[in-house]
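One-letter residues, chain by chain:
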Amino acid sequence: MRIARTESVTTHALLVLAAVVAVFPLVSIVVSSFDGSSGGLSLSSYSTAWTQGRFGSALLSSALVSVTVVVVTVILASLAGYALATMRVPGGKVILGLLLLGLVLPYEVTVLPLYELLAGWNLIDTYWALILPQIALSVPLGVLWMRTFFASVPQELLEAARIDGTSRFQTLRLVVLPIAGPALTTLGTVLFLFTWNEFLLALILVPDNAAVQTVPLALSFFSGAARSSDPAVTAAAAVLVALPVLLAYTVLQRRLISGLTEGAVK
């Protein structure tokens, strides 16, 4: 009894310590962003960062790119993953091998070919230069993720749907997707976070068009150009960039937990 209590206390202490280590940088940045020039608390740093950094346009660009990448990738991954998990696809094993290769291949090695390809299509410094490559880079993870889920669906459920006369697409739309909420939500969350935080592709593919630059790139240019020597302004800019991600993650995380709970009850 005493040993179990000691282990519990130790575990909780380690968890609290890990939480403090993880949260401290964020808290310190938030506190720094409210430091006024007179030593008091002030919101002027946020106004200055918003105006000088043009983060309004950058936030809209990031939202447009992230939502588009997530929606298109989830649709493609659901269709391809369902086919690979439930159908006899010619060359299915080869396709899986290529997907695994695309998953483990460092995307840094694809930046130069992507630039040359998109430059030939006159897409540099456009939204398509951000959307198309990130969809392509996200599809391997999405297909493998959804294939794993669809492969775990009981065959009895698919056979029952087939006996009822539904086509394969109807089975996917009416039977399988309604129970795939947790998998889809988790995949969407991961893809959204990856896309929102993407920096290298934005730096290489949209370097000169401020109208389509995303928030990580805008923050880099804002802090690196030394437009403001006030650390509070830089901290406020970092908070403005991180806040949408934190809010989106909180919402999506709650939906994920809700979906898992509903699945457990059913």
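Residues numbered from 1 in each chain as written. Predicted model: local features only at pLDDT ≥ 70, side-chain atom pairs only at ≥ 80, totals over all residues. Heavy atoms only, no water.

Taken together, the side chains of Val94, Leu98, Leu100, Leu101, Leu103, Val104, Leu105 and Val109 define a hydrophobic patch exposed on the protein surface, amounting to about 760 Å² of accessible area. If you trace the backbone, Leu101 turns up in helix α4 (residues 92–104). (Patch = residues over 30% accessible without salt bridge, like charges linked within 9 Å, V, L, I, M, F, W, Y side chains within 5 Å. Areas by Shrake-Rupley, 256 points an atom, 1.4 Å probe, with all protein chains shown as cover. Salt bridge = Lys/Arg side-chain N within 4 Å of Asp/Glu carboxyl O. Helix = DSSP H or I, 4+ residues; strand = E, 2+ residues; numbered from the N terminus.)

With that out of the way, let us pick up unusual backbone geometry. The bulk of non-glycine residues show a negative phi, and the bulk of peptide bonds are trans. Backbone geometry places Asn122, a non-glycine residue, at a positive phi of 60°. Checked against the element boundaries, Asn122 lands in the loop between α5 (111–120) and α6 (127–151). The exposure class of Asn122 is exposed, given its relative accessible area of 65%. (Buried < 20%, exposed > 50% of the residue type's maximum accessible area, 1.4 Å probe, protein only.)

Along the polypeptide, Ser78 turns up in helix α3 (residues 55–86). Filtering out sequence-adjacent residues up to four positions away, Ser78 remains in contact with Met146, Phe150, Leu177 and Leu184. (Contact = heavy atoms within 4.5 Å.)

This part covers the UniProt feature "transmembrane region" (unreviewed entry) in the chain. As recorded in UniProt, the sites labelled "transmembrane region" (unreviewed entry) are residues 12–34, 54–82, 94–115, 127–150, 171–196 and 232–252. Span residues 54–82 is 97% helix and 0% strand, its end C-alpha atoms 42 Å apart. As a span, residues 94–115 carries 73% helix and 0% strand, and end to end its C-alpha atoms are 27 Å apart. (UniProt positions renumbered as here; feature names shortened; annotations may be inferred.)

The next subject is the nonpolar core. Grouped together as the largest cluster of nonpolar side chains are 39 residues, with contacts concentrated most on Ala49, Phe55, Met146, Phe149, Phe150 and Val176. Secondary-structure elements contributing two or more residues to this core are α2 (44–53), α3, α4, α6, α8 (168–176), α9 (181–196), α11 (215–224) and α12 (231–265). In this structure, Leu114, Leu123, Val206 and Leu217 belong to the second largest nonpolar core, which totals 17 residues. (Core = buried A, V, L, I, M, F, W, Y, C linked by side-chain atoms within 4.5 Å.)

The next thing to look at is the packing of α2 against α3. Contact pair α2 / α3: the axes reach a minimum separation of 6 Å and the direction vectors enclose 70°. Relative to α3, the element α2 lies roughly perpendicular. Mapping the contact onto sequence places Ala49, Trp50 and Gly53 in α2 and Phe55, Gly56 and Leu59 in α3. (Axes fitted to C-alpha atoms, helices over the stretch in contact; angles between N-to-C directions. Parallel < 35°, antiparallel > 145°, perpendicular 65-115°, else oblique.)

Listed in full, the buried residues belonging to α2 are Ser45, Tyr46, Ala49 and Gly53. Along α2, the residues classed as buried sweep out an arc of 100° about the axis, all on the same side. (Arc of directions from axis to C-beta.)

On average, residues of the chain score 82 in pLDDT, and 88% of them are at 70 or above. A low-confidence stretch, residues 259–266 stays under pLDDT 50, and its non-local contacts, those more than four residues away or across chains, total two contacts. (pLDDT = per-residue confidence, 0-100.)

Going through the model one piece at a time under the given rule, you end up with four aromatic pairs. On the basis of an interplanar angle of 65° and a centroid distance of 5.6 Å, the ring pair of Phe149 and Phe150 is categorised as edge-to-face. Take Phe150: its relative accessible area is 1%, and that puts it in the buried class. Here a set of aromatic residues connected by ring pairs shows up, and it is made of Tyr82, Phe149 and Phe150. (Phe/Tyr/Trp six-rings, centres within 6.5 Å; stacked < 30°, edge-to-face > 60°.)

The residue Ala129 is located in helix α6 in this model. Ala129 gets classed as buried once you look at its relative accessible area, which sits at 1%. Residues Ala129 and Leu201, 72 residues apart in the sequence, show an inter-C-alpha distance of 8.5 Å. What Ala129 contacts, discounting residues up to four positions off in sequence, is Leu118, Leu123, Ile124, Leu205 and Val206.

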